[in-house]
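Understanding the architecture of this molecule
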Amino acid sequence: MKGTHSLEDLLNALGKPGRYQIIIYILISLNYMAIAFNHLGMVFYGAIPPHHCKVSLSNEGFSLNQTIPYDEHNKLDKCNMYVEVGGGETQPCNNGWVYDVYPGNPPESTIVTEWDLVCDEKYKSSLATTLYFVGVMLGASIFGIVGDRFGRKTTLLICLYSYLALGIGLIFVTNYVQFVIIRLIIGMFIQGIQANSYVLFSEMFIPKYRSYVGTMYEPFWALGVIWLALIAWLIKSWRWIQLALVLPTILTLSYIWLLPESLRWLLINGRYEQARTVIKRITKFNKIPVPDFEPENVIIPGSISHICIKIHKYLRHCKVFINFILI
């Protein structure tokens, strides 16, 4: 099998697919659970529980309907209270709010209850979500380029461990501004995880199987949603929810040794010895012989050498056609 071969020929010779590719695919797909946690986490972090104005100490002996008016739905007004006990003129809540939350240990809390993001400040909860997805957009613009320059595996690990550090740091924030800044940066790294995870496992398979592995990636999102809902049901405090969701990422430290770099990326960038190491590792695990391929002679679709071959074949066909006409 000496001579020139396509990357598809090489991937076929490594298993169609083999056990190694399937196991690595599952490990990479687990990252999608973390993506679900972070994309949907604000459903719980920014939840707005029932609330009403907190009455002053001097008015605590009176019933709520004597100090707080009813709204159009015949419920206690969430944002106004009477200036004087018994009715009349109203004013915005000036003593804070009382929230109807689950009194567990720790008690239920969200960023809304912690920083009073209600009434005139209500928009800040939605703004936090918007800024997070601004980070996702920036990450999509940045980490695709970074992955092409420094490798899929390297970029994926940088994003994973940056998310781990920032995710733990998020539980220690003391105000809203710190929260949205860290969440924005997390959004960048989360998109880096998503993009490079998808590219890394896609490049392990021949084109015939890529639609299947791309589809089977989605159930891991569903598992992430289920896990998020379960954790939020068991733990009512947003800080403890965050900690419970981010800590499992510590297990991805093993990816330093377990994940291979993309063969396609290695070959395009002339890292032939590293490509040989990856090939031997895959064949050893799959218990198949090492293919008699020279990495230097593998043609990558879209590469300059591949384009030159296509042009050469085109010119050769043109020459045959012209000779046929002349004859």
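Preceding block: the structure.
So, how was this worked out
Residues numbered from 1 in each chain as written. Predicted model: local features only at pLDDT ≥ 70, side-chain atom pairs only at ≥ 80, totals over all residues. Heavy atoms only, no water. Salt bridge = Lys/Arg side-chain N within 4 Å of Asp/Glu carboxyl O. Patch = residues over 30% accessible without salt bridge, like charges linked within 9 Å, V, L, I, M, F, W, Y side chains within 5 Å. Areas by Shrake-Rupley, 256 points an atom, 1.4 Å probe, with all protein chains shown as cover. Helix = DSSP H or I, 4+ residues; strand = E, 2+ residues; numbered from the N terminus. Buried < 20%, exposed > 50% of the residue type's maximum accessible area, 1.4 Å probe, protein only. Phe/Tyr/Trp six-rings, centres within 6.5 Å; stacked < 30°, edge-to-face > 60°. Lys NZ or Arg CZ within 6 Å of the ring centre and 35° of its normal. Axes fitted to C-alpha atoms, helices over the stretch in contact; angles between N-to-C directions. Parallel < 35°, antiparallel > 145°, perpendicular 65-115°, else oblique. Left-handed = near helix turned anticlockwise from the far one by under 90°. Contact = heavy atoms within 4.5 Å. Nonpolar A, V, L, I, M, F, W, Y, C, P; charged D, E, K, R; others polar. Disulfide = S-S within 2.5 Å.

Take the pattern of salt bridges next. Under the criterion given, the structure shown has seven salt bridges. Of the charged contacts in the structure, one is a salt bridge between D148 and R152, with a shortest N-O distance of 2.6 Å. Residues joined in a network through salt bridges with shared partners are E273, R276, E294 and E296.

A surface patch of nonpolar side chains, about 470 Å² in accessible area, is lined by L247, I250, L253, I256 and W257. Take W257: it is sitting in helix 13 (residues 255-258). The class for W257 is exposed, based on a relative accessible area of 63%.

Under the counting rule described, the total for this entry stands at 14 aromatic pairs. Through a chain of ring-to-ring contacts, three or more aromatic side chains come together here, namely Y25, Y32, Y198, F201, F205, Y217 and W221. Across the ring face of Y102, the terminal group of K236 is positioned such that the distance to the ring centre comes to 5.4 Å.

Right, let's talk about unusual backbone geometry for a bit. Most peptide bonds are trans, and most residues other than glycine sit at a negative phi. The residue after K16, namely P17, is reached through a cis peptide bond having omega -15°. Despite not being glycine, C119 shows a phi value in the positive range, around 55°. Despite not being glycine, K287 shows a phi value in the positive range, around 60°. Following the sequence through the fold, K287 ends up in the loop between helix 15 (272-286) and strand 6 (298-299). For K287, a relative accessible area of 70% gives the class exposed.

What follows is about the environment of L7. One can find L7 in helix 1 (residues 7-13). Residues L7 and I299, 292 residues apart in the sequence, show an inter-C-alpha distance of 5.9 Å.

Here the focus is the packing of helix 11 (residues 218-234) against helix 12 (residues 238-246). Interaxial distance between helix 11 and helix 12 falls to 9 Å at its minimum, and their mutual angle equals 140°. Looking at the two axes, helix 11 sits oblique to helix 12. Where helix 11 crosses over helix 12, the handedness of that crossing is right-handed. Together, W227, L228, I231 and A232 of helix 11 and I241, A244 and L245 of helix 12 make up the contact between the two elements. Along the lines of polarity and charge, the residues of the contact of helix 11 with helix 12 split into seven nonpolar, no polar and no charged.

The next subject is the state of the cysteines. All told, the structure shown has two disulfides when counted by the stated rule. A sulfur-sulfur separation of 1.6 Å characterises the disulfide bridge that pairs C53 with C93. As the torsion about the S-S bond is roughly -60°, the C53-C93 disulfide counts as left-handed. A residue pair is termed long-range when its members are at least 10 positions apart, and C53 in strand 2 (residues 51-53) and C93 in the loop between strand 4 (90-92) and strand 5 (97-99) qualify at 40 residues. Both residues of the pair, C53 and C93, count as buried.

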